[in-house]
Amino acid sequence: MSFHIGAKAGEVAELVLLPGDPLRAKYIAETFLEDAVCYNTVRGMLGYTGTYKGHRVSVQGTGMGMPSASIYIHELIEDYGAKKLIRVGTCGAIQNDVKIRDVIIAQAAATDSAMIRNLFPGVDFPQIANFGLMKMAHDIGTDKGLNLHVGNVLSSDLFYTENHEMTNKLGEHGVLAVEMESAALYYLSAKFGVQGLTLLTVSDHILTGEQTTAEERQTTFSDMIEVALETITK
Ligand SMILES: O=P(O)(O)O[C@H]1O[C@H](CO)[C@@H](O)[C@H]1O
Ligand SMILES: O=c1cc[nH]c(=O)[nH]1
């Protein structure tokens, strides 16, 4: 077992989905995977391994924010050998043409976190998705007829930001939505030479104030999950 994950060696698959919400991990395992077994309950951050169309796949909750997500992502890669990781998250849209329940493929993630900046003084390290996973997800999502958007997102340290001017400015520069973990996934994927991608379902609209319910955030968004599972197992 690693510091925060109670799985034994071999209990985590090389292919891992990463929802922030551990109960979304449970829902995904119970709804989409066959023979899913729970390998982690440490801190209630549930993790499961099962199969999807014959491929071993794990799904691990990461918690909220880059400090929490980076702990799980780091241990999944370094201690358990994860090779492809797809975050399946929720986000708040900051573009008018991005609607509630649309799916976003995060091509890159800007961040207001100092976590990565502090590692590269004087350089803005680019946090980008793996191209192969991104193209595959785009092809699969397009075939499914989804309302897909591809572009930049903001991974913010603050859910309740006071800097609305900054959010608006990022929107004016084409950033699609705000969430809290993708920059960490993309940085750690680059550090360890593995493949990382984020898919997001729009759970709320920052410009219009529309919202989904907590239950929807935990248990729906099956389009995104299916695209993630098809992509990661191709
Ligand atoms: O739904 P998840 O994957 O947790 O993602 C989003 O939701 C949380 C905030 O409500 C943050 O973790 C944010 O990134
Ligand atoms: O970080 C997040 C996630 C969902 N919705 C938001 O507005 N922000």
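Conventions adopted
- Residues numbered from 1 in each chain as written.
- Chains lettered and ligands numbered in written order.
- Predicted model: local features only at pLDDT ≥ 70, side-chain atom pairs only at ≥ 80, totals over all residues.
- Heavy atoms only, no water.
- pLDDT = per-residue confidence, 0-100.
- Near = heavy atom within 4 Å.
- Polar contact = N/O pair within 3.5 Å; in protein donor to acceptor, adjacent residues only side chain to side chain.
- Areas by Shrake-Rupley, 256 points an atom, 1.4 Å probe, with all protein chains shown as cover.
- 1 Å grid on protein atoms, 1.4 Å probe; cavity = no way out; pocket = protein on both sides within 12 Å on 5 of 7 lines; lining within 4 Å.
- Sits in = over half its atoms within 2 Å of the grid points.
- Helix = DSSP H or I, 4+ residues; strand = E, 2+ residues; numbered from the N terminus.
- Nonpolar A, V, L, I, M, F, W, Y, C, P; charged D, E, K, R; others polar.
- Points joined across faces, edges and corners; volume = space filled by probe spheres on them.
- UniProt positions renumbered as here; feature names shortened; annotations may be inferred.
- Contact = heavy atoms within 4.5 Å.
- Axes fitted to C-alpha atoms, helices over the stretch in contact; angles between N-to-C directions.
- Parallel < 35°, antiparallel > 145°, perpendicular 65-115°, else oblique.
- Left-handed = near helix turned anticlockwise from the far one by under 90°.

A separate point is the confidence of the model for the protein chain. Overall, the prediction assigns the protein chain a mean pLDDT of 96, with 99% of residues at 70 or greater. Of the two predicted TM-score estimates for the complex, the pTM is 0.97 and the ipTM is 0.98.

Around ligand 2 sit Thr90, Cys91, Gly92, Phe159, Val178, Glu179, Met180, Ser203, Asp204 and Ile206, and those are all the residues in its vicinity. In the model, a nitrogen atom of ligand 2 is placed 3.2 Å from a nitrogen or oxygen of the Gly92 main chain. Asp204 is positioned such that a nitrogen or oxygen atom in its side chain is 2.6 Å from a nitrogen atom of ligand 2. For ligand 2, whose unbound accessible area comes to 240 Å², protein coverage reaches 89%. With respect to the detected pockets, ligand 2 is housed in the largest pocket. Secondary structure elements with two or more residues in the shell around ligand 2: strand 5 (84–93), strand 8 (177–179) and strand 9 (195–205). Of the residues in the shell around ligand 2, the class split is five nonpolar, three polar and two charged.

Attention now moves to empty space enclosed by the protein. Space left empty within the atom packing is revealed by a probe, the size of a water molecule, rolled over the atoms. Counted according to the given criterion, the structure contains one cavity of 30 Å³ or more. Reported here for the largest cavity is a volume of approximately 40 Å³. If you trace the largest cavity, you find it lined by Leu18, Thr62, Ala69, Ile73, Arg87, Glu181 and Leu185.

Next up on the list: the site of ligand 1. The local shell around ligand 1 consists of Gly20, Asp21, Arg24, Met64, Arg87, Gly89, Thr90, Phe159, Glu179, Met180 and Glu181. In the environment of ligand 1, an oxygen atom lies 2.8 Å from a nitrogen or oxygen atom belonging to the side chain of Arg87. Within the side chain of Glu181, a nitrogen or oxygen atom sits 2.5 Å from an oxygen atom of ligand 1. In this structure, ligand 1 is accommodated by the largest pocket. Here the shell around ligand 1 takes three residues from strand 5, the largest share from any one element.

Here we come to the UniProt feature "active site" (unreviewed entry) in the protein chain. Mapped onto this numbering, the UniProt entry gives "active site" (unreviewed entry) at Asp204. Apart from residues lying up to four places away in sequence, Asp204 is in contact with Cys91, Gly92, Ala93, Ile100, Glu210 and Gln211.

Within the chain, Lys53 stands out as a residue other than glycine whose phi angle is a positive 50°. By secondary structure assignment, the location of Lys53 is in the loop between strand 3 (47–52) and strand 4 (55–60).

Bringing the packing of helix 4 (residues 131–143) against helix 8 (residues 222–233) into the picture now. Taken N-terminus to C-terminus, the directions of helix 4 and helix 8 make an angle of 130°; their axes are 9 Å apart at the nearest point. Judged by the inter-axis angle, helix 4 sits oblique to helix 8. Between helix 4 and helix 8 lies a crossing whose hand is right-handed. Across the interface between the two elements, Leu133, Met136, Ala137, Ile140 and Gly141 of helix 4 pack against Val227, Glu230 and Thr231 of helix 8.

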